[in-house]
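Each chain, letter by letter, is given below.
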Amino acid sequence: MPAVPSQNSLPSFDQELCGLVLDTAPRQFAVVQVYDAGGRDADGWVAAWGFADGDGRAHLLVVDGHTRMTLASPERALCLFAGLPGLSARLVWLSRPGAAALDRAEAA
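Please read all numbers here as calculations on a predicted model, not as lab measurements.

One non-glycine residue, Asp36, lies in positive phi territory at about 60°. Within the secondary structure, Asp36 is located in the loop between β1 (27-35) and β2 (43-52).

Each aromatic ring pair is characterised by the separation of its centres together with the angle its planes make. Tallied over the entire structure, the rule returns one aromatic pair. Seen in terms of ring centroids, Phe29 and Trp93 are 5.0 Å apart; in terms of plane orientation they differ by 50°. Their pairing is tilted. Of this pair, Phe29 sits in strand β1 while Trp93 sits in strand β5 (residues 87-93), and the two are 64 residues apart along the sequence. We classify Phe29 as buried; its relative accessible area is 0%.

Below, the discussion takes up the nonpolar core. Within the largest apolar cluster, 13 residues are counted, with the highest numbers of intra-cluster contacts made by Phe29, Val31, Ala48, Leu60, Ala77 and Phe81. Listed by contribution, the elements that provide at least two residues to this core are β1, β2, β3 (58-62) and β5. When sequence neighbours within four positions are dropped, the list of residues in contact with Ala48 reads Phe29, Ala30, Val31, Leu60, Leu61, Val62, Val63 and Phe81.

An order of β4-β3-β2-β1-β5 is seen for the five strands of this open sheet, with the pairing classed as antiparallel. The open sheet has two free edges, formed respectively by β4 (68-71) and β5, since each of these has just one partner strand. Shown here is a sheet whose adjacent strand axes are inclined to one another by a mean of 30°, direction ignored. One ladder, built from five bridges, connects β2 with β3; its direction is antiparallel. By the bridge assignment, Gly50 is partnered in β3 with Leu60.

A few words on the pattern of salt bridges. If you walk through the whole model with that rule in mind, you get two salt bridges. Between Asp53 and Arg57 there is a salt bridge; the shortest N-O distance is 3.4 Å. Taking relative accessible area as the criterion, Asp53 reaches 22% and is therefore assigned partly exposed. Put simply, Arg57 and Asp55 hold a salt bridge, and the shortest N to O gap is 2.9 Å. Arg57 gets classed as partly exposed once you look at its relative accessible area, which sits at 38%.

Here we come to the side chain of Gln33. Mapped onto the secondary structure, Gln33 falls in strand β1. Side chain to side chain, Gln33 and Trp45 meet in a polar contact 2.7 Å long. Within the local environment of Gln33, its side chain forms a polar contact with the backbone oxygen of Phe81, the two atoms lying 2.8 Å apart. Not counting the four nearest positions on each side in its chain, Gln33 is found in contact with Asp43, Gly44, Trp45, Ala47, Phe81, Leu87, Ser88 and Ala89.

What counts, and at which threshold
Residues numbered from 1 in each chain as written. Predicted model: local features only at pLDDT ≥ 70, side-chain atom pairs only at ≥ 80, totals over all residues. Heavy atoms only, no water. Helix = DSSP H or I, 4+ residues; strand = E, 2+ residues; numbered from the N terminus. Phe/Tyr/Trp six-rings, centres within 6.5 Å; stacked < 30°, edge-to-face > 60°. Buried < 20%, exposed > 50% of the residue type's maximum accessible area, 1.4 Å probe, protein only. Core = buried A, V, L, I, M, F, W, Y, C linked by side-chain atoms within 4.5 Å. Contact = heavy atoms within 4.5 Å. Pairing = 2+ DSSP bridges. Axes fitted to C-alpha atoms, helices over the stretch in contact; angles between N-to-C directions. Salt bridge = Lys/Arg side-chain N within 4 Å of Asp/Glu carboxyl O. Polar contact = N/O pair within 3.5 Å; in protein donor to acceptor, adjacent residues only side chain to side chain.

Nothing here speaks to function; it is geometry throughout.
Structure (structure tokens):
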């Protein structure tokens, strides 16, 4: 894993850019479908990936790779991925990252 420069070692403008990106980054989440929640044969899988903008809108990409949608909020996706008997949906949020880099290799 390549060494990531500390925020203190970046030139001032680069540090400001990285801070801007961290402050405005969308929140990432997955829509997880769950069958028989709480039951003995419970099972779950990721149905879609999404990110939420600062204004609350959610942008989704279904795991089939062909379906994209924009919704008023991430929670609106739950009714689209649930509803069949025994099938529910949950949002699972990824933690907000704490570091940014200007170089793709450094960000990996």
